[in-house]
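Chain residues, written in single-letter form:
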Amino acid sequence: MRPVRTAARSMLAAIFVIQGWAAFRDPAKLADKARPLTDRLEPTLKAVHPSLPTDAETLVRVNGAAQVAGGILLATGQATTPAALVLAGSLVPTTLAGHAFWEIEDPAQRNQQRINFLKNLGLIGGLLFAALDNEGRPGLAWRTRNTARIARRGAGHSARTARREAQHVVHTAQREARHVLHAAQRDARIARIAARTGRRLP
């Protein structure tokens, strides 16, 4: 399945590398479409950190760079989960800024932008699948449950071993106590016999 996964990741990543590079190289072409969204995001970005860029061209360039980097990582199979999540995140502002079909009055353009919006939504879904793909290895949930089962088995084994050792100590102590008691009883019998016969104890 590895060649199939590699091909699928490469096909999914191609559009991000190409379009991301175009946005990074010439952000001015997309800045006008992005500006209404970036203007709304400006207070939020300033609240996060005053030094964060807020102008449309810089944000378009940053988003494009993220898409190029994420696309290359995804295509080459390196850090595929964070790469896919970065790409999915980069599509959100791209989709909202470029394909807000609900704001368009013309029916033909509205329909076209709706199609593009749904295509991007499909890409986000594919990226989420790519982020969850573990190439046949057990997932995190299974590994967590298995670790818990192993820990429980280990704890149960330790408890059984401790019980056996405790029982062994108790049985040993009981045997020694019986031995001491029998010896004491034997000595007492010998003492009584010696007292009756007038013989000295050995």
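It should be emphasised that the depicted structure is a prediction, and the values quoted were computed from it without experimental measurement.

1. Describing the overall build of the chain
Across its full length, the chain carries 6 helices and 0 strands. Ordered by position in the sequence, the α and β elements of the chain form the string α-α-α-α-α-α. A compact globule built from 202 residues should have a C-alpha radius of gyration of about 17 Å, whereas the chain, at 38 Å, is more than 25% larger. Structurally, the chain occupies a C-alpha span of about 130 × 45 × 30 Å along its principal axes. The proportion of buried residues among the 202 residues of the chain is 22%. Considering only intrachain contacts with a sequence separation of at least 6, the fraction spanning at least 24 residues in the chain is 62%.

2. Notes on helix H2 (residues 28-48)
Taking 1.5 Å per residue, 21 residues should reach 30 Å; H2 reaches only 25 Å between its end C-alpha atoms and comes up short. Listed as buried for H2 are Ala-31, Ala-34, Leu-37 and Thr-38. Next to the buried residues of H2 lie helix H3 (56-76) and helix H4 (80-98).

3. Regarding helix H5 (residues 107-132)
In this model H5 runs 37 Å from its N-terminal to its C-terminal C-alpha over 26 residues, within 8% of the 38 Å that 1.5 Å per residue would give. Against the buried residues of H5 lie helix H1 (2-25), H3 and H4.

4. Considering a positive patch on the surface
Together, Arg-145, Arg-149, Arg-152 and Arg-153 make up a region of like positive charge exposed at the surface. Turning to its location among the elements, Arg-145 is positioned in helix H6 (residues 140-197). Its relative accessible area of 47% is what places Arg-145 among the partly exposed residues.

5. Overview of the side chain of His-99
Residue position: His-99 is located in the loop between H4 and H5. When sequence neighbours within four positions are dropped, the list of residues in contact with His-99 reads Thr-94, Gln-113, Asn-116, Phe-117 and Asn-120.

6. Considerations on the pattern of salt bridges
One pass over the structure, following the stated rule, counts 2 salt bridges. The partner of Asp-26 in a salt bridge is Lys-29, with the nearest N and O atoms 3.8 Å apart. A residue is classified by how much of its surface remains accessible, and Asp-26, at 29% relative accessible area, is partly exposed. Owing to a relative accessible area of 68%, Lys-29 belongs among the exposed residues under this scheme. The shortest N-O distance in the salt bridge between Asp-32 and Arg-35 comes to 2.8 Å.

7. Topic: the packing of aromatic side chains
In this structure the tally under the stated criterion is 4 aromatic pairs. These aromatic residues form a ring-pair network of at least three members: Phe-101, Trp-102 and Phe-117.

8. A word on the nonpolar core
Ranked by size, the top nonpolar core spans 13 residues in total, and within it Leu-74, Ala-84 and Leu-127 carry the most contacts. Those elements that place two or more of their residues in this core are H1, H4 and H5. No other element matches H4, which puts 5 residues into this core. Excluding residues within four positions of it along the chain, Leu-127 makes contact with Leu-12, Phe-16, Leu-74, Ala-84, Leu-87, Ala-88 and Leu-91.

9. As for the packing of H2 against H3
For the pair H2 and H3, the least separation of the axes is 7 Å and the interaxial angle reads 100°. Relative to H3, the element H2 lies roughly perpendicular. Seen from H2, the contacting residues are Ala-28, Leu-30, Ala-31, Ala-34, Arg-35, Thr-38 and Leu-45; seen from H3, they are Ala-56, Glu-57, Leu-59 and Val-60.

10. A few points about the confidence of the model for the chain
Counting all residues, the mean pLDDT for the chain is 84, and 92% of those residues have values of 70 or more. Looking at the elements of the chain, mean pLDDT is at its lowest for H6, recorded as 76, and at its highest for H3, recorded as 92.

11. Quick word on the environment of Leu-30
Residue position: Leu-30 is located in helix H2. Separated by 64 residues in sequence, Leu-30 and Thr-94 place their C-alpha atoms 9.6 Å apart. Sequence-distant contacts of Leu-30, defined by excluding residues within four places in its chain, comprise Ala-23 and Val-60.

Each value, and the rule that gives it
Residues numbered from 1 in each chain as written. Predicted model: local features only at pLDDT ≥ 70, side-chain atom pairs only at ≥ 80, totals over all residues. Heavy atoms only, no water. Helix = DSSP H or I, 4+ residues; strand = E, 2+ residues; numbered from the N terminus. Rg over C-alpha atoms; globule rule 2.2 N^0.38 Å. Buried < 20%, exposed > 50% of the residue type's maximum accessible area, 1.4 Å probe, protein only. Contact = heavy atoms within 4.5 Å. Expected span 1.5 Å × (residues − 1). Patch = residues over 30% accessible without salt bridge, like charges linked within 9 Å, V, L, I, M, F, W, Y side chains within 5 Å. Areas by Shrake-Rupley, 256 points an atom, 1.4 Å probe, with all protein chains shown as cover. Salt bridge = Lys/Arg side-chain N within 4 Å of Asp/Glu carboxyl O. Lys, Arg positive; Asp, Glu negative; His and termini not counted. Charge placed at Lys NZ, Arg CZ, Asp CG, Glu CD. Phe/Tyr/Trp six-rings, centres within 6.5 Å; stacked < 30°, edge-to-face > 60°. Core = buried A, V, L, I, M, F, W, Y, C linked by side-chain atoms within 4.5 Å. Axes fitted to C-alpha atoms, helices over the stretch in contact; angles between N-to-C directions. Parallel < 35°, antiparallel > 145°, perpendicular 65-115°, else oblique. pLDDT = per-residue confidence, 0-100.

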